[in-house]
2 protein chains.
Amino acid sequence: MDIALLGGTGDIGEGLALRLAYHTNHDVLIGSRDPARAANKAEEYETELDSRAVETTIRGGANADVAVDADVVVVAVPPYYVADTIEAVAESLDEGDIIVSPATGMDRDDDGFHYAPPPAGSVTEHAAESVPDGVELVGAFHNLAAGRLANLDAELGIDTFVVGEDDDAKGIVTDIAEGIEGLRALDAGGIANAAEVESLTPLLVNVAMHNDRLHDLGLELK
Amino acid sequence: MDIALLGGTGDIGEGLALRLAYHTNHDVLIGSRDPARAANKAEEYETELDSRAVETTIRGGANADVAVDADVVVVAVPPYYVADTIEAVAESLDEGDIIVSPATGMDRDDDGFHYAPPPAGSVTEHAAESVPDGVELVGAFHNLAAGRLANLDAELGIDTFVVGEDDDAKGIVTDIAEGIEGLRALDAGGIANAAEVESLTPLLVNVAMHNDRLHDLGLELK
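If you're wondering where the values come from, they're calculated on a predicted model, not measured in any experiment.

### Here we look at the overall build of chain A
At step 1: For chain A, the count of helices and strands is 9 helices and 11 strands.
At step 2: Here the C-alpha atoms of chain A give a radius of gyration of 16 Å, agreeing with the 17 Å that 2.2 N^0.38 yields for 222 residues.
At step 3: By principal-axis analysis of the C-alpha atoms, chain A measures approximately 40 × 40 × 30 Å.
At step 4: Across the 222 residues of chain A, 56% fall into the buried class.
At step 5: A separation threshold of at least 6 residues defines the contact pool for chain A, and within that pool the share at least 24 residues apart is 72%.

Okay, structure coming up:
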């Protein structure tokens, strides 16, 4: 399957790109608003994978150019760019393509990080407002520590949550996620349930801030 | 230490009472608005513990009567009763006593459960508005599945999160929580961070609803 990571030059994009290329046979495409930056990062990821005896070609390009070839498009950008990013690639998507939204919204104050969703109720529901007809939206990969993901020596053993309205699309994203070693994908229901998934991220950051030996936290339901 | 569980006849109260009596040396007191019901439940818990060769005396009584003797008072009631319950026992508390708030607010619709905090921002912050001067408030035990807690054969291996403004009080509650075998207490910061803790509960319920083999879920950060 061809998976485009829009904003794939950012930290969560890097983690997903490396893990998908390392653990799965999917073709990974790196998108950015700046195609030269995408190409550079793609080459950097290839070098990292090559050092681990994984020979793979990762193509980088403008978001819309990589979205054209992708079956699944992950919008790995900050929450306030999600809508614009989806709209910028809408013409590049085919019927049946899947958009994956991993972003969450957080504010910080003296106490720590707080969940700060957009008026739609969650970033995933906000993304839904921009998804073109015939394309399905799935929320996933919200609560993954980017640094841990990008460090291919780090074991995961953690869960990610999948929300969406279309069971087939959720199944495809679940399979992609579980192709990553040590990542379990759990169905958290419809998109209306995304807020409870996204608000986990500030909790994980707060706990890491307040407990010396814990950092880059994930979680396992049990 | 003397620990009163107000609303200790309810399901989370039952779980905490049994676990604390089974795993720790604390004295457990069961409170209810109905003292006869508290006494009956206390006897029921004693019988359950006796069947496991734990001889202990659990006293039951009116909320205010058990709060008088307690160092730590857990307000194990539904969120809409939290303020009234604290106000009803305020005269029974001594300076230095600790109130623990485990409640969370949820709505249910066709999609699942959703976090529905009171205007204060979280149930824990709502509770804080009723806590008398000289008494400390700590949020803890928010995300524990009552049935799993009450089943002393069930292994835990899970985390609870502690929020509060007073480090000493948090330390005491952390020690109480970690006296329960398989329960780790993690510092999640100040009371302003309670919403991110409380909103985990609807997520755990939603995941249990949508994944056949998962129920009575807890979580471990890792």
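### Remarks on the interface of chain B and chain A
At step 1: On the side of chain A, 37 residues touch chain B, which itself brings 37 residues to the contact.
At step 2: Interface area, chain B with chain A, both sides summed: about 2800 Å², of which 57% is carbon and sulfur.
At step 3: Among the residues chain B hides against chain A, the three largest losses belong to E196, L203 and K222 of chain B. Together they make up 25% of the total.
At step 4: At the junction of chain B and chain A, the tally comes to 2 salt bridges.
At step 5: K222 of chain B is paired through a salt bridge with E220 of chain A; the nearest N and O atoms lie 2.9 Å apart.
At step 6: Along the contact surface separating chain B from chain A lie 18 residue pairs in polar contact (both at pLDDT 80 or more).
At step 7: Secondary-structure elements contributing two or more residues to the side of chain B that touches chain A are β7 (112–115), β9 (158–164), β10 (183–187), α8 (194–198), α9 (200–210) and β11 (219–221) of chain B.

### Some thoughts on the sheet that holds strand β1 (residues 2–6) of chain A
Residues and elements named next belong to chain A.
At step 1: Taken together, the 8 strands give an open sheet; going across it, the order is β3-β2-β1-β4-β5-β8-β9-β10, and neighbouring strands pair in mixed fashion. Of all the strands in the sheet, the pair left with one neighbour each is β3 (59–62) and β10 (183–187). Neighbour-to-neighbour, the strand axes of the sheet open up by a mean angle of 25°, direction not taken into account.
At step 2: Relative to strand β4 (residues 72–75), β1 is paired through 4 bridges, and the arrangement is parallel.

### Some words on the UniProt feature "domain: Pyrroline-5-carboxylate reductase catalytic N-terminal" (unreviewed entry) in chain A
At step 1: In this structure's numbering, the residues bearing the UniProt feature "domain: Pyrroline-5-carboxylate reductase catalytic N-terminal" (unreviewed entry) are residues 3–104 of chain A.
At step 2: The span residues 3–104 of chain A is 42% helix and 22% strand, and its two end C-alpha atoms sit 21 Å from each other.

### Concerning the pattern of salt bridges
At step 1: For the structure shown, the criterion picks out 16 salt bridges over all chains.
At step 2: Linking K41 of chain B and E14 of chain B is a salt bridge whose minimum nitrogen-to-oxygen distance equals 3.7 Å. Pair noted here: K41 of chain B is in helix α2 (residues 35–50) and E14 of chain B is in helix α1 (residues 11–23), with a separation of 27 residues, a long-range link.
At step 3: On the accessibility criterion, K41 of chain B (14% relative accessible area) is buried.
At step 4: E44 of chain B is the partner of K41 of chain B in a salt bridge, and the nearest nitrogen-oxygen pair spans 3.4 Å. Highlighted residues: K41 of chain B and E44 of chain B, both in helix α2, separated by 3 residues, approximately one helical turn.
At step 5: Overall, E44 of chain B belongs to the partly exposed group, its relative accessible area being 41%.
At step 6: Salt bridges here are not isolated pairs; linked through shared partners, they connect E14, K41 and E44 of chain A.

### Some remarks on the environment of T24 of chain B
All names here are of chain B.
At step 1: Looking at the element boundaries, T24 is found in the loop between α1 and β2 (27–32).
At step 2: Residue classification places T24 among the buried positions, given a relative accessible area of 13%.
At step 3: Each C-alpha atom of the pair T24 and G179 lies 5.7 Å from the other, and the pair is 155 residues apart in sequence.
At step 4: Not counting the four nearest positions on each side in its chain, T24 is found in contact with R19, G179 and I180.
At step 5: Looking at T24, its side chain comes within polar contact range of the main-chain oxygen of L20, at 2.6 Å.
At step 6: Polar side-chain contacts of T24 include one of 3.2 Å to the backbone nitrogen of H26.

### A few points about the packing of α1 of chain B against α2 of chain B
Residue and element names in this part refer to chain B.
At step 1: The contact between α1 and α2 brings their axes to 10 Å, and the two run at 45°. Comparing the axis directions of α1 and α2 gives the class oblique. In terms of crossing hand, the pair formed by α1 and α2 is right-handed. In this structure, α1 uses G13, E14, A17, L18, A21 and Y22 to contact α2, whose residues at the interface are K41, E44, Y45, E48 and L49.
At step 2: Residue classes in the contact of α1 with α2 are distributed as 6 nonpolar, 1 polar and 4 charged.

Cut-offs applied
Residues numbered from 1 in each chain as written. Chains lettered and ligands numbered in written order. Predicted model: local features only at pLDDT ≥ 70, side-chain atom pairs only at ≥ 80, totals over all residues. Heavy atoms only, no water. Helix = DSSP H or I, 4+ residues; strand = E, 2+ residues; numbered from the N terminus. Rg over C-alpha atoms; globule rule 2.2 N^0.38 Å. Buried < 20%, exposed > 50% of the residue type's maximum accessible area, 1.4 Å probe, protein only. Contact = heavy atoms within 4.5 Å. Buried area = accessible area lost by both parts, 1.4 Å probe. Salt bridge = Lys/Arg side-chain N within 4 Å of Asp/Glu carboxyl O. Polar contact = N/O pair within 3.5 Å; in protein donor to acceptor, adjacent residues only side chain to side chain. Pairing = 2+ DSSP bridges. Axes fitted to C-alpha atoms, helices over the stretch in contact; angles between N-to-C directions. UniProt positions renumbered as here; feature names shortened; annotations may be inferred. Parallel < 35°, antiparallel > 145°, perpendicular 65-115°, else oblique. Left-handed = near helix turned anticlockwise from the far one by under 90°. Nonpolar A, V, L, I, M, F, W, Y, C, P; charged D, E, K, R; others polar.

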